[in-house]
Amino acid sequence: MARGTFANVRLANKFLPRLGPKTVYIPTGELMDVYDAAARYREEGRPLIVLAGKDYGCGPSRDWAAKGPQMLGIRAVIAESYERIHRSNLIGMGIVPLQYLEGQSASSLRLTGREVYAIHMPEDLHPGHLIDVSVSQLTYTDGCFHTHTHGAYTLEAT
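Residues numbered from 1 in each chain as written. Predicted model: local features only at pLDDT ≥ 70, side-chain atom pairs only at ≥ 80, totals over all residues. Heavy atoms only, no water.

**A closer look at the overall build of the protein**
Here is step 1 of the chain: Secondary structure assignment for the protein yields three helices and eight strands.
Here is step 2 of the chain: The linear arrangement of helices and strands in the protein, starting from the amino end, is β-β-α-β-α-β-α-β-β-β-β.
Here is step 3 of the chain: When the 158 residues of the protein are sorted by exposure, 38% land in the buried category.
Here is step 4 of the chain: Taking the intrachain contacts of the protein between residues at least 6 apart in sequence as the baseline, contacts between residues at least 24 apart amount to 50%. (Helix = DSSP H or I, 4+ residues; strand = E, 2+ residues; numbered from the N terminus. Buried < 20%, exposed > 50% of the residue type's maximum accessible area, 1.4 Å probe, protein only. Contact = heavy atoms within 4.5 Å.)

Laid out in structure tokens, this is it:
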């Protein structure tokens with residue numbers, strides 16, 4: 001099930017120059033299947049997030065679409081908007097659905113998918129709660145990760 005997550009050949013990873021279910025494994029810069037990259041990050045103990053566009057989770061397999069990301073180690077999704085039922089399914093899988101504020105997107109915030117995110121969640125989290133997210137630019141040189149402050153943003157818990 002996890003291997004099929006994000007494996008549709010029509011999937012558009014907007015951070016890559018071509019269509020397809022691929023991602024970049026940041027430490028090596030290697031282009032690989034999403035599942036393989038997620039497996040490597042899981043071995044390293046790195047939780048993952050998804051940066052998404054509009055209507056995240058639309059499609060006929062919503063239950064499976066929430067379980068797959070959880071199995072890949074995804075802990076949060078930041079999207080422009082969600083399919084309503086899918087948002088609930090993400091919560092049921094322990095994945096936090098966050099939404100950009102009106103007019104924001106990964107593009108408008110100049111996010112590249114190569115950042116480190118610190119999501120500051122209150123104990124009394126509820127829909128509509130504004131969440132602070134600190135973003136640092138991530139680089140990998142000489143076998144080490146380095147971060148540089150990118151910015152702090154406010155997102156909405158959905």
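**Some remarks on the packing of aromatic side chains**
Here is step 1 of the chain: Tallied over the full model, the rule gives two aromatic pairs.
Here is step 2 of the chain: Ring centres 5.0 Å apart and planes at 45° place the aromatic pair Tyr25 and Tyr41 in the tilted group. With a gap of 16 residues between them, Tyr25 in strand β1 (residues 22-25) and Tyr41 in helix α1 (residues 34-44) connect regions that are remote in the sequence. Tyr41 shares its class with Tyr25; the two are buried.
Here is step 3 of the chain: Where Tyr56 meets Tyr82, the ring centres are 6.0 Å apart and the plane angle is 85°; that geometry is what we call edge-to-face. Highlighted residues: Tyr56 in the loop between β3 (48-51) and α2 (62-72) and Tyr82 in the loop between β4 (74-79) and α3 (84-92), separated in sequence by 26 residues. Each of the two residues, Tyr56 as well as Tyr82, counts as buried. (Phe/Tyr/Trp six-rings, centres within 6.5 Å; stacked < 30°, edge-to-face > 60°.)

**Looking at α1**
Here is step 1 of the chain: The complete set of buried residues in α1 reads Val34, Ala37, Ala38, Ala39 and Tyr41.
Here is step 2 of the chain: Of the residues flanking the end of α1, it is Gly45, one or two places downstream, whose phi is positive at about 75°.

**Description of the environment of Ala76**
Here is step 1 of the chain: Within the secondary structure layout, Ala76 lies in strand β4.
Here is step 2 of the chain: A C-alpha to C-alpha distance of 7.1 Å links Ala76 and Leu48, two positions 28 residues apart in sequence.
Here is step 3 of the chain: If we ignore the near neighbours within four places in the chain, the residues touching Ala76 are Leu48, Ile49, Val50, Ile95, Val96 and Ile119.

Shape descriptors only; they carry no functional weight alone.
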